[in-house]
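# Tertiary structure, described
The lines below spell out each chain.
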Amino acid sequence: MAVCVAVIAKENYPLYIRSIPTENELKFHYMVHTSLDVVDEKISAMGKALVDQRELYLGLLYPTEDYKVYGYVTNSKVKFVMVVDSSNTALRDNEIRSMFRKLHNSYTDVMCNPFYNPGDRIQSRAFDSMVTSMMVQVC
Amino acid sequence: MSVPDYMQCAEDHQTLLVVVQPVGIVSEENFFKIYKRISSVSQISVRDSQRVLYIRYRHHYPPENNEWGDFQTHRKVVGLITITDCFSAKDWPQTFEKFHVQKEIYGSTLYDSRLFVFGLQGEIAEQPRTDVAFYPNYEDCQTVEKRIEDFVESLFIVLESKRLDRATDKSGDKIPLLCVPFEKKDFVGLDTDSRHYKKRCQGRMRKHVGDLCLQAGMLQDSLVHYHMSVELLRSVNDFLWLGAALEGLCSASVIYHYPGGTGGKTGARRFQGSSLPAEAANRHRPGALTSNGINPDTSAEIGRAKNCLSPEDIIDKYKEAISYYSKYKSAGVIELEACVKAVRVLAIQKRSMEASEFLQNAVYINLRQLSEEEKIQRYSILSELYELIGFHRKSAFFKRVAAMQCVAPSISEPGWRACYKLLLETLPGYSLSLDPKDFSKGTHRGWAAVQMRLLHELVYASRRMGNPALSVRHLSFLLQTMLDFLSDQEKKDVTQSLENYTCKCPGTMELLTLPGGPTLPPVPFTKLPIVRRVKLLNLPASLRPRKMKSLLGPNVSTKSPFIYSPIIAHNCGEERNKKIDFQWVQGDVCEVQLMVYNPMPFELRVENMGLLTSGVEFESLPAALSLPAESGLYPVTLVGVPQTTGTITVNGYHTMVFGVFSDCLLDNLPGVKTSGSTVEVIPALPRLQISTSLPRSAHSLQPSSGDETSTNVSVQLYNGETQQLVIKLENIGMEPLEKLEVTSKILTTKANPCSPPECTCLSGWLPVSMDWVVMQTVGTARGDWAEFQEKLYGDFLSWNLEETLAQFPLQPGKVATFVVNIKVKLDFSCQENLLQDLSDDGISVSGFPLCSPFRQVVRPRVESKPVNPPEGSKPGDPSHVKTLEAILNFKYSGGPGHVEGYYRNLSLGLHVEAEPSVFFTRVSTLPATSTRQCHLLLDVFNSTEHELTVSARGNEELILHAGECQR
């Protein structure tokens, strides 16, 4: 379902980006990269809201012809961006939300690893397999 | 309506469109000079009212857009100014004819027109004409502005009359239906009498009047008209015109809310120095209704404050309008322009999210097949708008698309230059700077895949532009900064192409200035190879300069009155961090060791690698090296010769890799360990080379503090043997050798260090001196080791320095000889046994405390050159072969270095293996036969393989054969 999953650091550089291998990888890079504009905008709009009441899920960032780009930002301003096929209409907002939550949990696990240096690329195998499961899972 | 004007903004709705065009052959320069002067007259306050007219000038306007003039009157060309050259009266009729032809093009909509004739003089020019102005040349035309003002005023009169005409046209029954070009055929045969049709006519006319009011500077009135028109058109579902009415409403409100303009710079300039339109609107508001004869019913029930849309409403209405436009495929351009206008408004309102939605929509508006140029324009403008709303990444994306469009394969003449320029502009959006310094800190953080792609495109574009220097620079940048992200294959490809480019144009360290103004800083390859450690090497021990103690003394004492001060100590410590506490010598080869490694998956050839220094003239001797693929740390020694004296600082190194020269400064290198990079260079000193008559030794002396020998020689001698060692001193330096001092030091480390050998020496120079009676004995010498040693080895080495010094000063290249005598006198007797024997005999000789055995020197009769007997074949146990080691120190100096008080120390290691020759195996006494005599019996043992004669003072001779023992 998800065709591309990316984790982006607070300073807006990618910590992790993976897309389905068959497609043009660079295209997704561009797509996620440009979506950061929207993420930034949404975060700055949200800035006024109280921190603890903040909704982490940013919702649909923007649709393209073939894909929909969703965003999620943690309290530490780490962004998750997910690109899904827009033909997949069965995918509801709630499912996306739960996928992000799963992603967030897995990311937290990565951060808990004492050998992981925050700011480095994520190379955790557990995280990788979780993303893989999200990408193949059929809805 | 096919050509969208992407520069449109909401204020344009209140402008009058005037086209300025050249007729005939007018040079571009002249035309734009006049055009500039004309366009400076962009707003006119109309004489008798507070209203302000805005003029929009275009030098090119497609006539088909003009056909939409009824739909939105600001699209209508109402004025035409023609500029022409005409030098003779003969050409005049023809020129005038051309002007009329030009007028025909926009004829249907023109209110007025003007012809500016340049160059014509004479009677025709004298005739006063309202529509033609004559100027002798392009410089002498001060009245152009005045002319334009008059012209605008005449436009205003027409506009005002049209407005009044339409607004007061209350006949009602015969309102003509305004329509856009593509609608015309739809209305054929429609019932013109139906209420529906009439309402439609009314609504459209109302909207048209609104447009005119807006153009005529009557903002409030236009708002009222627009509102009414919206009501009317909504009721008849005339969506296209409803959209237009809504957009008009928005435009008027925008003009009211944002007097500064939304169109960026041009808009801002337009309002400079003028009374703000909002104020103007306020001022004329009270009189608006009465003085201009507006329908009294227009705004009686609608409150004026309500007329103007709030900022939020503007956007809603824009959305609505755009949704109506989108119902008509032919109105794509209108829709697109409305989107652009809305985005500009939102940008001012800082509502980027909504603006991006509008833009997103604009992207999908499908116009007819666009030409490549239009596509580029479209993408560029999208990029610009995204930039405007702060979406830099999106902006960069579209700019890149535009760049790629410039060189699309379908274009016959690809614009590589434009492509390159656009690509450069995308760099900030991808947070990429072309300065490698920004990448030197820590690991690279960014969108490597995207950035790499961009760099590749830059390389390609610059190559196609025919600027290999640029492509080399970009390629080196790519290689330097993205090394960690390139796959092995990519690394190979990149270096391959880099090598190809550098064949034509070697990479340099100069700043490259781009046509647009920015410069490309040089890219030093600090990662090819990666340098891990830089260490300045001291000179080899024999060449190391030393300071004369006497000269150093006073310096130290004058430095500070304190023996110790923590402050000074601290300073010294800091200084030491930078400065290394050894010296280099002018004119001598100095070395710096780098630990490097090659990160590439293939062999890396580094050529012309040398040092970069400052402070002292330094002749760097470049080295070439070849590092194996993915090598580990690999030491490289760079050498150079300082040519002057002073303090030298090693700043970095330069390399040439793949044909790219790079200067790498150590300061900019991450993760480089240095142990200081500053060294003092002292004046030149001579160099001395030693060669001896003896074979070189494989043994190296055991290192003791501060003594490293340059040469070692070894000799094997029998005990008591003397040999001459001829030392040739050659001055191989460039300076004369003026001073020489020789000292020797004997190392006894090979002997049993715990118990110094207890032996006695027999004094005397004679080869054979054996005194049976008077023997020098030494008591237990354990307590006085130094003195003992002195005595023991005192004459081990002896020389006569004067002879050598007579040859001084030694000029460069000259040789002096120096002779050293080596004499071996050691004790090989087994002292314990001897003592045992003595005490067994129970004899004590008064006055001679014999607690230590003696040693006597016996000179072997047979002068035998040592034949190096194999170790195992030596008689007795191996410990019988004793080793003596000594170091001859040559302190020498000369030239300027000598003046400064420096000298050099060259040491020669001497390794002597002494083999026992004759020794006493037993000693015993015989009862004395007289009081004055004492008989001492000695068993003499010849341990050599040669026959020898032992002679004593009493001229007794004894011949000993090899291995024989005699009494």
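Residues numbered from 1 in each chain as written. Chains lettered and ligands numbered in written order. Predicted model: local features only at pLDDT ≥ 70, side-chain atom pairs only at ≥ 80, totals over all residues. Heavy atoms only, no water.

### Side note on the overall build of chain A
If you tally the helices and strands in chain A, you get three helices and five strands. Going from the N terminus to the C terminus, chain A shows its helices and strands as β-β-α-β-β-β-α-α. Counting every position in chain A, which comprises 139 residues, the buried fraction comes to 53%. Here the analysis covers contacts within chain A between residues at least 6 apart in sequence; of these, 56% occur between residues at least 24 apart. Surface accessibility of chain A: about 6,800 Å² in total, with carbon and sulfur atoms responsible for 51%. (Helix = DSSP H or I, 4+ residues; strand = E, 2+ residues; numbered from the N terminus. Buried < 20%, exposed > 50% of the residue type's maximum accessible area, 1.4 Å probe, protein only. Contact = heavy atoms within 4.5 Å. Areas by Shrake-Rupley, 256 points an atom, 1.4 Å probe, with all protein chains shown as cover.)

### Description of the overall build of chain B
For chain B, the helix and strand inventory stands at 26 helices and 33 strands. The buried share of chain B, taken over its 967 residues, is 52%. In chain B, once contacts between residues fewer than 6 apart in sequence are set aside, the share between residues at least 24 apart is 75%.

### Things to note about the sheet that holds strand β4 (residues 67-73) of chain A
Residue and element names in this part refer to chain A. In space, the five strands of this open sheet follow the order β2-β1-β5-β4-β3, with antiparallel pairing throughout. Looking along the sheet, the strands with just one partner apiece sit at the ends: β2 (14-19) and β3 (57-63). Averaged over all neighbouring strand pairs, the angle between strand axes comes to 15°, with direction disregarded. Across the sheet, helix α3 (residues 125-136) is in contact with β1 (2-8), β2 and β5 (79-85); its angle to β2 comes to roughly 40°. (Pairing = 2+ DSSP bridges. Axes fitted to C-alpha atoms, helices over the stretch in contact; angles between N-to-C directions.)

### A short note on the packing of helix α18 (residues 448-464) of chain B against helix α19 (residues 468-481) of chain B
Residue and element names in this part refer to chain B. Following both chains from N to C, one finds α18 and α19 inclined at 165°, their axes separated by 8 Å at the closest point. The angle between the axes of α18 and α19 places the two elements in the roughly antiparallel class. Crossing of α18 over α19 shows left-handed handedness. Facing α18, whose interface residues are M452, L455, H456, L458, V459, S462 and R463, α19 presents L470, S471, H474, L475, F477 and L478. Here the contact of α18 with α19 is built from residues that sort into eight nonpolar, four polar and one charged. (Parallel < 35°, antiparallel > 145°, perpendicular 65-115°, else oblique. Left-handed = near helix turned anticlockwise from the far one by under 90°. Nonpolar A, V, L, I, M, F, W, Y, C, P; charged D, E, K, R; others polar.)

### Notes on the confidence of the model for chain B
Residue and element names in this part refer to chain B. Of the residues in chain B, 67% have a pLDDT of 70 or more, and the chain-wide mean is 70. Note on residues 830-879: pLDDT under 50 across the span, and 90 contacts to partners over four residues away in sequence or across chains. Reported confidences for the modelled complex are a pTM of 0.68 and an ipTM of 0.86. (pLDDT = per-residue confidence, 0-100.)

### With respect to the pattern of salt bridges
Residues and elements named next belong to chain B. Scanning all chains against the criterion turns up 19 salt bridges over all chains. Between R75 and E337 there is a salt bridge, and its shortest N-O distance comes to 2.8 Å. One end of the pair, R75, is in the loop between α2 (63-66) and β4 (77-85); the other, E337, is in helix α13 (residues 332-349), and 262 residues separate them in sequence. Among the residues examined, E337 registers a relative accessible area of 2% and is labelled buried. For D211, the salt bridge is made with K207, and the minimal N-O distance between the two is 2.4 Å. One end of the pair, D211, and the other, K207, are both in helix α6 (residues 195-215), four residues apart, so they sit about a helical turn from each other. The exposure classification of D211 matches that of K207, with both residues buried. (Salt bridge = Lys/Arg side-chain N within 4 Å of Asp/Glu carboxyl O.)

### Let's talk about the pairing of strand β13 (residues 604-614) of chain B
On any regular strand, side chains alternate: one points to one face of the sheet, the next to the other face. Residue and element names in this part refer to chain B. With four bridges connecting them, β13 and strand β15 (residues 623-627) associate as antiparallel partners. Its bridge partner being in β15, R605 is matched across the sheet by S626. One ladder, built from seven bridges, connects β13 with strand β17 (residues 646-657); its direction is antiparallel. Across the sheet, the residue bridging to S614 is T649, located in β17.

### Let's talk about the packing of helix α15 (residues 372-388) of chain B against helix α16 (residues 392-406) of chain B
Residue and element names in this part refer to chain B. The N-to-C vectors of α15 and α16 enclose an angle of 165°; their axes lie 7 Å apart at closest approach. The pairing of α15 with α16 is recorded here as roughly antiparallel in orientation. Classified by chirality, the crossing of α16 by α15 is left-handed. Here α15 contributes E372, K375, I376, Y379, S380, L382, S383, Y386 and E387 to the contact with α16, which in turn contributes H392, K394, S395, F398, K399, V401, A402, Q405 and C406.

### Points about the pairing of strand β6 (residues 132-135) of chain B
Residues and elements named next belong to chain B. Of the two faces of β6, the one carrying V132 and F134 and the one carrying A133 and Y135 are both buried. Two elements, strand β5 (residues 112-118) and β6, share four bridges in a ladder whose sense is parallel. The residue of β6 that forms the bridge with F118 is Y135.

### Topic: the sheet that holds strand β25 (residues 797-799) of chain B
All names here are of chain B. Taken in spatial order, the four strands line up as β21-β23-β26-β25 in an open sheet, and their pairing is antiparallel. The sheet terminates laterally at β21 (688-692) and β25, the two strands that pair on one side only. Adjacent strand axes in the sheet meet at a mean angle of 30° when their direction is disregarded. The pairing of strand β23 (residues 722-731) with strand β26 (residues 815-823) spans nine bridges and is antiparallel. Paired with Q724 across the bridge in β26 is N821.

### Looking at the environment of D70(B)
Residues and elements named next belong to chain B. For D70, the position within the fold is in the loop between α2 and β4. Residue D70 is classed as partly exposed on the basis of its relative accessible area of 27%. Along the primary structure D70 and C179 are separated by 109 residues, whereas in three dimensions their C-alpha atoms are 6.9 Å apart. For D70, the residues in contact, after removing those within four places along its chain, are K76, L178, C179, H208 and W241.

### Topic: unusual backbone geometry
Residue and element names in this part refer to chain B. A positive phi angle, near 55°, is found at N237, a position not held by glycine. Considering the arrangement of structural elements, one finds N237 in the loop between α7 (219-236) and α8 (239-257). Residue N237 is classed as partly exposed on the basis of its relative accessible area, which comes to 47%.

### Considerations on α13(B)
All names here are of chain B. Taking 1.5 Å per residue, 18 residues should reach 26 Å; α13 reaches 25 Å between its end C-alpha atoms and fits that length. Most of α13 is tucked away: 17 of the 18 residues are buried. The first or second residue beyond α13 is K350, which carries a positive phi of 60°. (Expected span 1.5 Å × (residues − 1).)

### Here's the deal with the packing of aromatic side chains
Within this structure, the stated rule accounts for 23 aromatic pairs over all chains. Each ring, one from F96(B) and one from F99(B), has its centre 6.0 Å from the other, and the planes form 45°; the classification is tilted. Taken together, the residues F96(B) and F99(B), both in helix α3 (residues 92-106) and three residues apart, mark about one turn of the helix. We classify F96(B) as buried; its relative accessible area is 16%. Classification of F99(B) by relative accessible area gives buried; the value is 0%. Ring centres 6.3 Å apart and planes at 20° place the aromatic pair Y379(B) and F398(B) in the stacked group. Of the two residues, Y379(B) is situated in helix α15 and F398(B) in helix α16; the sequence distance between them amounts to 19 residues. Residue classification places Y379(B) among the partly exposed positions, given a relative accessible area of 23%. According to the relative accessible area criterion, F398(B) is buried, its value standing at 7%. Taking NZ or CZ as reference, K394(B) lies 4.0 Å from the ring centre of Y62(A), over its face. (Phe/Tyr/Trp six-rings, centres within 6.5 Å; stacked < 30°, edge-to-face > 60°. Lys NZ or Arg CZ within 6 Å of the ring centre and 35° of its normal.)

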